Amino acid sequence: MRVAVASDMDTPLARAIVEELRERGHEPIAHGAIADGERSDWAWACERTARDVAEGRAEQGVVCCWTGTGASIAANKVAGARAALCQDAETARGARRWNDANVLALSLRATSEAVLGEILDAWFASSPSEDPEDRANIEHVNEIESERDGR
């Protein structure tokens, strides 16, 4: 699976995300501070990852900044991206299952490498729910997005 990854800082955790994805058999697409020649600011880097996901160049995305909040906000501004800020495995599992999240947002400050592994395990082991009530919520979110964008 192609997974776009953005970080506004070149930190050991940002590098660990890329390496962990490779070890799991995924193809990381790096953006921001972990890519050569790209603007590293969180808004620009995270937008690039979200666009990769929304436009089909990547199946999933991971965005990072110091708190993870700015990364998730920027990614969620891209139509078709559904970013979830996850600090633990259960939140990641729920975000994939109930929210059909396709972009994982992480805090560079608060995420340890051990917790990163647990979050990625949960994220990639989970899939969107097929329950009609859960699907109705996702469809409504898509309608809200379309109304916002005037589509």
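Note that residues are indexed from 1 along each chain, following the sequence as it is written. At least 70 in pLDDT is required for a residue's local features to be given in this predicted model, at least 80 for side-chain atom pairs to be given and counted, and no such filter applies to totals for whole chains, interfaces and linings, which use all residues. Hydrogens and water molecules were not included; the side-chain quantities draw on all heavy atoms of the structure.

### A closer look at the packing of aromatic side chains
The description of an aromatic ring pair rests on the distance of the ring centres and on the angle between the ring planes.
So, step 1. The criterion for an aromatic pair is that two Phe, Tyr or Trp rings (for Trp, the six-membered ring) have centres within 6.5 Å, with stacked assigned to planes under 30 degrees apart, edge-to-face to planes over 60 apart and tilted to the rest. Going through the model one piece at a time under the given rule, you end up with zero aromatic pairs.
So, step 2. Above the ring of W44, the side-chain terminus of R39 is found at 3.4 Å from the ring centroid.
So, step 3. A positively charged side chain is recorded as over a ring if its NZ (Lys) or CZ (Arg) lies within 6 Å of the ring centre. The angle to the ring normal must also be within 35 degrees. Over the aromatic face of W123 sits the side chain of R96, whose NZ or CZ is 5.6 Å from the ring centroid.

### As for helix α6 (residues 132-149)
So, step 1. Strands here mean DSSP runs of E at least two residues long; helices mean DSSP runs of H or I at least four residues long; both are numbered from the N terminus. Helices are assigned an expected span. That span is 1.5 Å times one less than the residue count. Across its 18 residues, α6 extends 25 Å between first and last C-alpha, which sits within 8% of the 26 Å expected from 1.5 Å per residue.
So, step 2. Residue exposure (1.4 Å probe, protein chains only): buried if accessible area is under 20% of the type maximum, exposed if over 50%, otherwise partly exposed. For α6, every residue scored as buried is listed here: D134, I138 and E145. Down the axis of α6, the buried side of the element spans an arc of 35°, and every buried residue falls inside it. For α6, the exposed residues set more than 90 degrees away from the buried face come down to P132, E133 and E147.
So, step 3. Whether two residues touch is decided by their heavy atoms; if any such pair falls within 4.5 Å, the residues are in contact. Buried residues along α6 sit in contact with α4 (89-99).
So, step 4. The backbone nitrogen of E133 has a side-chain oxygen 2.9 Å away, supplied by the residue at the start of α6, namely D131.
So, step 5. Looking one or two residues past α6, G150 carries a phi angle of roughly 70°, positive in sign. It is the directions from the helix axis to the C-beta atoms whose arc is reported. Counting of polar contacts relies on pairs of N or O atoms within 3.5 Å, with two restrictions inside protein: one atom must be capable of donating a hydrogen and the other of accepting it, and residues adjacent in sequence are counted only when both atoms are side-chain atoms.

### Points about the packing of α4 against helix α5 (residues 113-125)
So, step 1. Axis definition: a line fitted to C-alpha atoms, limited for helices to the stretch in contact. Angles are taken between N-to-C directions and run from 0 to 180 degrees. The interhelical angle for the contact between α4 and α5, taken along N-to-C directions, is 20°, at an axis separation of 8 Å. Judged by the angle between their axes, α4 and α5 are roughly parallel. Considering the relative orientation of α4 and α5, their crossing is right-handed. On α5, the residues touching A89, A92, R93, A95 and R96 of α4 are E118, I119, A122 and W123.
So, step 2. Taken together, the residues that form the contact of α4 with α5 break down as six nonpolar, no polar and three charged. Oblique is the label for any angle not under 35 degrees, not over 145, and not in the 65 to 115 range, which are roughly parallel, roughly antiparallel and roughly perpendicular in turn. Left-handed describes a crossing whose near helix is turned anticlockwise from the far helix through less than a right angle; right-handed describes the clockwise counterpart. Basically, the charged four are Asp, Glu, Lys and Arg, the nonpolar ten are Ala, Val, Leu, Ile, Met, Phe, Trp, Tyr, Cys and Pro, and anything else, Gly included, counts as polar.

### What about the environment of V115?
So, step 1. As for its position among the elements, V115 is in helix α5.
So, step 2. Spatially, the C-alpha atom of V115 lies 6.7 Å from that of D88, the residues being 27 residues apart in sequence.

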